[in-house]
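Structure assessment
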Amino acid sequence: MIEIRDLHFKYHSQTDEVLKGVNLKIKKGEFVSIIGPSGCGKSTLCLTLNGIIPKTISGQFSGDVIVDGMNTKEYEVSEFSKKVGMILQNPESQLFAMTVEEELAFGPENLAVPREEIEDRISWALSIVNMENKRDEFPGNLSGGQKQRIAIAASLTMMPEILVLDEPTSQLDPIGKREVFSVLQQLHKEEKMTIVLVEHRTEPIAELSDKVVVMDNGAIVLQGSPRVVFEKVPILRELGIMVPDISYLTYLLKEGGYVKDIALTVEEARRLFI
Amino acid sequence: MKAIEIDDIHFAYPESDEILNGVSLDVKKGEFVSLVGQNGSGKTTLAKHFNGLLRPNKGKVIILGEDSKNFSIAELSRKVGHLFQNPENQIFEETVFSEVAFGPKNLGLSEVEIKERVDRVLKITRLSKYRDTHPLSLSGGEKQRLALASVSVMEPQILVLDEPTTGLDLLSIQGILDIVKELHNRNVTVFLITHDMGLVSELSERVVVMERGQIIGDGTPREIFANDELLTRASLEPPQIMKFSKMLGLNPEVKVDALYKRIVEAL
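Residues numbered from 1 in each chain as written. Chains lettered and ligands numbered in written order. Predicted model: local features only at pLDDT ≥ 70, side-chain atom pairs only at ≥ 80, totals over all residues. Heavy atoms only, no water.

1. Thoughts on the overall build of chain A
A tally of helices and strands in chain A yields 12 helices and 10 strands. Relative to the globule expectation of 19 Å for 274 residues, the C-alpha radius of gyration of chain A, 19 Å, shows essentially globular dimensions. By principal-axis analysis of the C-alpha atoms, chain A measures approximately 65 × 45 × 30 Å. Scored against the burial criterion, the 274 residues of chain A give a buried share of 55%. Look at the contacts in chain A between residues 6 or more apart in sequence, and 61% of them connect residues 24 or more apart. Surface exposure of chain A reaches about 11,900 Å², of which carbon and sulfur atoms provide 46%. Here chain A contributes 30 positive and 41 negative side-chain charges, whose respective centroids are spaced 5 Å apart. (Helix = DSSP H or I, 4+ residues; strand = E, 2+ residues; numbered from the N terminus. Rg over C-alpha atoms; globule rule 2.2 N^0.38 Å. Buried < 20%, exposed > 50% of the residue type's maximum accessible area, 1.4 Å probe, protein only. Contact = heavy atoms within 4.5 Å. Areas by Shrake-Rupley, 256 points an atom, 1.4 Å probe, with all protein chains shown as cover. Lys, Arg positive; Asp, Glu negative; His and termini not counted. Charge placed at Lys NZ, Arg CZ, Asp CG, Glu CD.)

Spelled out as structure tokens, the structure:
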């Protein structure tokens, strides 16, 4: 679905490259999480997935990003707005309409989608984020978690095949975080959507992802299933990444020869002891 | 002497429902207390009473043995440092040095004393190399360290941290925590508001749980996180280690090392 080949990028305002040769393949329907210290290039990488870099934000760009067979260098950003939905940290920066319904209708209206289909898309998107009862609400009155769910619903009405989310829950309280992650889980499991999530807490990553990508200093330093990546405790610690407590505990037990494998969830850890 | 004594305080903004309805709390000098609870439970409103930003409609707030109603915000802010969630709201000077020097200047300290205090705090917060840099060119984690430097340069005896790690990456969070631990070691009373149950278990000796303007739980992290009924009421998720130690039928633990030891003993 996405193929990134030897990608380099430098912003005009900076002296060093932010991306220093990134290679990554993401399969259709895969849930990929990206993690790494601030400034490692993960947000920049997200912006290359819908052509914003290099089309809107220019700089020194080399290499290829191919999304669903289309090289981002060769198409306009608008071509990708139907394929790739992008959700940022602060939902407020993405909401502007007076009602939830208008917010959700905005994208497809601009694509001249027929009225009945817009209606269907809105109902479908609201049911996925579990907010059918907020259709006529003013977005400003919603909680942080609800706002972020509306931002997700708004990008779903464009019927994207890929959803890219850059730390979508970092500003939310625990209830809001849970709400958003459960929407992502549903989109992945039931709608088979391809999801790219930048996130710095490892607990949700362990639970949700098929693949974890660890970035540092503009490059990918580790990638693989959560189990493979979270076993590399010393390397991750060096980068300031703490694996989930349950993985750390089972890592220590594995090193001590008490269990055979590390666990990603409490339930998995329980099974190690049966 | 107690650092903070709150006696049955009530608070409501004009013409709205009560946000605090009958909160009583004692904090000993040198204690490290975490305050947890959902958004809207009254945590920030409570903490704003410690330095006089808010005054109770009813009840008493006693800070370091003296009734806070006898002091202005300026006087209280020398005793109680308050670090807010968003560091940019607290930054206004042209250089890191003058940002940190702003408070001590207002205390009427001599040039030499000011310089000495600021340099000491910049060293603790690892910002010495940015002494002459513009504060807004710092990274998120550095700005939060700067805000913490500006608060701790006043040498407050009580430090209130309101979600100091929101939106920061792990290395930055670690940087903030190291400084907070160091201040706590110097006998500063720390009052931490957070949603991060991992931080709570790692750092605090005591956890206070709020829900709908009242305190519904008060104990060690082990006691609080073992109490499922309380956690459900406050919609809090127990830490993984607590869940797992209960599953194994072992003594409830919240820290990885402690549970590791118990498991190895049991095997």
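Here the narrative resumes.
2. Focus on the pattern of salt bridges
All told, the structure shown has 29 salt bridges over all chains when counted by the stated rule. Salt-bridge contacts for Glu117 of chain A lead to Arg121 of chain A; the nearest nitrogen and oxygen are separated by 3.1 Å. Separated by 4 residues within a single helix, Glu117 of chain A and Arg121 of chain A lie in helix H5 (residues 115-128), roughly one turn from each other. Its salt-bridge partner being Lys246 of chain B, residue Asp228 of chain B comes within 3.1 Å of it at the nearest N-O pair. Pair noted here: Asp228 of chain B is in helix H9 (residues 228-233) and Lys246 of chain B is in helix H10 (residues 240-247), with a separation of 18 residues, a long-range link. A relative accessible area of 43% means that Asp228 of chain B is categorised as partly exposed. (Salt bridge = Lys/Arg side-chain N within 4 Å of Asp/Glu carboxyl O.)

3. Some points on the confidence of the model for chain B
In the predicted model, chain B carries a mean pLDDT of 91, and the fraction of residues at 70 or more is 100%. Element-level mean pLDDT values for chain B span from 85 in helix H6 (residues 170-185) of chain B up to 97 in strand E10 (residues 214-219) of chain B. (pLDDT = per-residue confidence, 0-100.)

4. Focus on the sheet that holds strand E5 (residues 70-71) of chain A
The 4 strands lie next to each other as E2-E1-E4-E5 (chain A), forming an open sheet whose pairing is antiparallel. Edge strands, defined here as strands with exactly one partner in the open sheet, are strand E2 (19-26) and E5 of chain A. (Pairing = 2+ DSSP bridges.)

5. With respect to the packing of H5 of chain A against helix H6 (residues 144-156) of chain A
Packed helices, taken two at a time, are described by their axes: the angle between them and the distance between them. Residues and elements named next belong to chain A. Running from amino to carboxyl end, H5 crosses H6 at an angle of 145 degrees, the nearest separation of the two axes being 9 Å. The two elements H5 and H6 cross, and the hand of that crossing is right-handed. Every residue of H6 that contacts H5 at Trp124, Ala125, Leu126 and Ile128 is listed here: Ile150, Ala153 and Leu156. Here the contact of H5 with H6 is built from residues that sort into 7 nonpolar, no polar and no charged. (Axes fitted to C-alpha atoms, helices over the stretch in contact; angles between N-to-C directions. Left-handed = near helix turned anticlockwise from the far one by under 90°. Nonpolar A, V, L, I, M, F, W, Y, C, P; charged D, E, K, R; others polar.)

6. Observations concerning the interface of chain A and chain B
Of the residues lining the interface, 28 residues belong to chain A; the matching set on chain B comes to 23 residues. For the pair chain A and chain B, the summed buried area comes to about 2,400 Å², and 70% of that belongs to carbon and sulfur atoms. Summed over the shared surface of chain A and chain B, the result is 0 salt bridges. Where chain A touches chain B, the interface holds 3 residue pairs in polar contact (both at pLDDT 80 or more). Among the secondary structure elements, those contributing two or more residues to the side of chain A that touches chain B are helix H7 (174-189), helix H11 (245-255) and helix H12 (266-272) of chain A. (Buried area = accessible area lost by both parts, 1.4 Å probe. Polar contact = N/O pair within 3.5 Å; in protein donor to acceptor, adjacent residues only side chain to side chain.)

7. Things to note about the sheet that holds strand E2 (residues 20-28) of chain B
Two strands in a sheet stick together by hydrogen bonds in their backbones, pointing the same way (parallel) or opposite ways (antiparallel). All names here are of chain B. An order of E2-E1-E4-E5 is seen for the 4 strands of this open sheet, with the pairing classed as antiparallel. Looking at strand neighbours, the two that pair on one side only are E2 and strand E5 (66-67), the edges of this open sheet. Looking at chain direction, strand E4 (residues 58-63) and E5 are connected through 2 bridges and run antiparallel. Bridge pairing in E5 links Ile62 to Asp67.

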